[in-house]
Amino acid sequence: MDWRERPRCDETPEWAALTRLAAAQPDFDVRAAFARDPERFARLSQGAPELFADWSRSRIDAAAEAQLLALARACGLEAHRDALFAGEPVNTTEGRAALHPLLRAPAVGSAIAGWPTPALAPLHRAVLETLERMLAYAEAVRADPDMTDVVNIGIGGSDLGPRMAVQALAAWGAAGPRVHFVSNLDGHELAQTLAGLAPERTLFLVVSKTFTTLETLTNAHSARDWFLAQGGRDVARHFVGITTAVEAARAFGIETTFGFWDWVGGRYSVWSAVGLALAIAIGAEGFRAFLAGAHAMDAHFCTAPLEANLPARLGLLDLWNRDVLGFGSRCVAPYHAGLARLPAYLQQLEMESNGKRVDLRGRALTLPTSPVVWGEPGTNGQHAFFQLLHQGTDVIPVEFLAVARARHGLVGHHAGLVANALAQARALMVGQDDPGGHRHFPGNRPSSFLLLEDLTPRSLGALLALYEHRVFVSGSLWGIDSFDQWGVELGKALARDLTPRLLSGDVTGLDAATAGLIGRLAPFFEKK
Ligand SMILES: O=P(O)(O)OC[C@H]1O[C@](O)(CO)[C@@H](O)[C@@H]1O
């Protein structure tokens, strides 16, 4: 099937069959399903590179999954996946490829036979050249005793990936400089970060795909002003640019730049030079392992039959939860303090990719798309919102994530931590009877469980690639463009209009609510 001619999932007979299947068991109970089928855990779980996933506590059974797989085939998922890897312009609204897997394709020994294709060879060479230059630079920074602090200035995809990964892989960063992240337009964040730094010992990474993003440019200018005001002398040595707009970075005064390409979406860019902060934190070898883990997952996604293909199976589960069962949100609960920023990273990955209301042809969708993704690390979340997950009126699938091995030497923590993840998933499912009501847990609350043996650069790479492909799978069946983000533009344009109005107090033509608030705020912003 030509990937451009694929039907939307709700246009297929397989979709109608799927909804009939769901309608036939309106009161599906996971506990009863386990009792009926002793093989349920084995059927609804599988291994993949670097991790194991179990979704047997979801409100799905093997028959529904088989129908979802038939739906995926009817929707040309495999053709679409192959088009993604071939560099076809799958980002149709911007006329671009989405070739982030190429960023982790090794120089030799690709695990995907015949890929990268000869047509991709020039791009692959450019990727490898930049990678080598960036890793050599990262090692030089790590070896420079005078460079004690690195500040990554970027936002969205130019912040969330490296920020999350640096924190997750802190155990690998001991020998490198301290790495800080500044993203917010709120000057408090930059001011607090700069307060503890010395200009001559600080390296600023200005990371922006477009080099036009208001937050990043404002922070970069303020950082440069601070650097010069503090007696810093060599801007060229202390400011590095990571961007597809190398000329704009030069105009800012940056000499050292690392480029990437318009076919790398911001939220898919941690594998490119956008990951420089991570490479500085964990070193070249660690960064190569991070890429290798992602490549192993790419190979799995490309080659495993759909029945044993984890990104496909989880992406289809997501579709089932959202569109058949109507769950509007998913909680992500990583039981590892290092993964505290994973929910925020996944929010951008999933909600910016699949929070869409029209299909590739611009027609309004009839099915709901991305759920709201949110979460906190365990066990913290247990003492905040798990009350609602267990006893609230909404049913919210929870995705638990646990790591078998701990990298600290403290006794009495890790077994308890992992046991808590297991206990929460079990409590959600089994529930508890209480005729009095307040201690009643309905149970049958769905969850999935991702298990890593260890949190390493390689396993983190595989985990993130799993999520990327899983988001692609549900987006593909919805028939949307998972690689654009037009929904962020209107607010940016309106902010440009409102900024001078805060200073002038001019509310001409504004809606009454905005005008009323500006009336209250303007006195605080009057030009001094
Ligand atoms: O890297 P840039 O161009 O500064 O963009 C930052 C982020 O802004 C967005 O465009 C959304 O506003 C994201 O998609 C992107 O990751």
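Everything quoted here is computed from the prediction, not taken from an experiment. (Residues numbered from 1 in each chain as written. Predicted model: local features only at pLDDT ≥ 70, side-chain atom pairs only at ≥ 80, totals over all residues. Heavy atoms only, no water.)

Draft legend 1. Region of interest: the state of the cysteines. The final tally for this structure, using the stated rule, is zero disulfides. With no disulfide of its own, C302 lies closest to C75 among cysteine sulfurs, the gap being 19 Å. A relative accessible area of 17% places C302 in the buried class. (Disulfide = S-S within 2.5 Å. Buried < 20%, exposed > 50% of the residue type's maximum accessible area, 1.4 Å probe, protein only.)

Draft legend 2. Representation of a nonpolar patch on the surface. A surface patch of nonpolar side chains, about 500 Å² in accessible area, is lined by L503, L517, L521, F524 and F525. Tallying contributions element by element places helix α19 (residues 512–525) first for the nonpolar patch, with four residues. We classify L503 as partly exposed; its relative accessible area is 36%. (Patch = residues over 30% accessible without salt bridge, like charges linked within 9 Å, V, L, I, M, F, W, Y side chains within 5 Å. Areas by Shrake-Rupley, 256 points an atom, 1.4 Å probe, with all protein chains shown as cover. Salt bridge = Lys/Arg side-chain N within 4 Å of Asp/Glu carboxyl O. Helix = DSSP H or I, 4+ residues; strand = E, 2+ residues; numbered from the N terminus.)

Draft legend 3. A look at the UniProt feature "active site" (unreviewed entry) in the protein. If you check UniProt for "active site" (unreviewed entry), the listed places come out as E352, H383 and K492 in our numbering. For the annotated residues, spread through 141 residues, the largest C-alpha to C-alpha distance comes to 36.1 Å, inconsistent with a single compact locus. Note on placement: E352 falls in helix α14 (residues 342–354). Apart from the residues within four sequence positions on either side, E352 is in contact with R267, Q347, D484, Q485 and V488. By the secondary structure assignment, H383 is in the loop between β9 (372–375) and α15 (386–391). (UniProt positions renumbered as here; feature names shortened; annotations may be inferred. Contact = heavy atoms within 4.5 Å.)

Draft legend 4. View of the site of the ligand. Taken together, 14 residues are adjacent to the ligand, and S158, S208, K209, T210 and T213 come closest. One of the side-chain nitrogen or oxygen atoms of Q348 is found 3.2 Å away from an oxygen atom of the ligand. The side chain of K492 places a nitrogen or oxygen atom 3.1 Å from an oxygen atom of the ligand. Protein coverage of the free-state accessible area of the ligand, which is 390 Å², stands at 88%. Looking at the shell around the ligand residue by residue, the classes come out as two nonpolar, nine polar and three charged. Viewed by domain, the shell around the ligand spans two of them, domain 1 (3–90 + 293–431 + 441–486) and domain 2 (101–282), each represented by three or more residues. (Near = heavy atom within 4 Å. Polar contact = N/O pair within 3.5 Å; in protein donor to acceptor, adjacent residues only side chain to side chain. Nonpolar A, V, L, I, M, F, W, Y, C, P; charged D, E, K, R; others polar. Domains from an automatic or database assignment.)

Draft legend 5. Expanded view of the pairing of strand β7 (residues 256–259). Alignment of strand β6 (residues 239–243) against β7, held across four bridges, turns out to be parallel. In the sheet register, V240 faces β7, and the bridge partner there is T256. On the question of chirality, the crossover connecting β6 to the parallel β7 by way of helix α11 (residues 246–252) is right-handed. (Pairing = 2+ DSSP bridges. Right-handed = clockwise from strand over helix to strand, strands pointing away.)

Draft legend 6. Representation of the side chain of S447. Within the secondary structure, S447 is located in strand β11 (residues 447–452). Taking relative accessible area as the criterion, S447 reaches 3% and is therefore assigned buried.

Draft legend 7. Spatial organisation of the sheet that holds strand β4 (residues 178–182). With parallel pairing, five strands are arranged side by side in an open sheet as β4-β3-β5-β6-β7. Two strands bound the open sheet, and with one partner strand each, they are β4 and β7. Each neighbouring strand pair of the sheet contributes to a mean axis angle of 20°, computed without reference to strand direction. Against the sheet, helix α6 (residues 121–143) touches β3 (149–153), β5 (202–207), β6 and β7, its axis set at about 135° to β7. Relative to β5, helix α9 (residues 214–229) is tilted by about 160°, and along the sheet it contacts β3, β4, β5 and β6. (Axes fitted to C-alpha atoms, helices over the stretch in contact; angles between N-to-C directions.)

Draft legend 8. Here's a closer look at the domain arrangement of the protein. One can read the domain layout of the protein as domain 1 (3–90 + 293–431 + 441–486), domain 2 (101–282) and domain 3 (488–525). Distance between the C-alpha centres of domain 1 and domain 2: 30 Å. Facing the 36 residues of domain 1 at the interface are 26 residues of domain 2. Buried surface at the junction of domain 1 and domain 2, both sides included, amounts to about 2,600 Å², of which 68% is carbon and sulfur. Summed over the shared surface of domain 1 and domain 2, the number is three salt bridges. Two residues, R267 and E352, come together in a salt bridge whose shortest N-O distance is 2.9 Å. Here domain 1 is connected to domain 2 by 13 residue pairs in polar contact (both at pLDDT 80 or more). Among the secondary structure elements, those contributing two or more residues to the side of domain 1 that touches domain 2 are α5 (77–86), α12 (276–303), α14 and α17 (457–478). By residue number, the principal contributor to the side of domain 1 that touches domain 2 is α17, which donates eight residues. Taken together, the residues that form the side of domain 1 that touches domain 2 break down as 19 nonpolar, 10 polar and seven charged. (Buried area = accessible area lost by both parts, 1.4 Å probe.)

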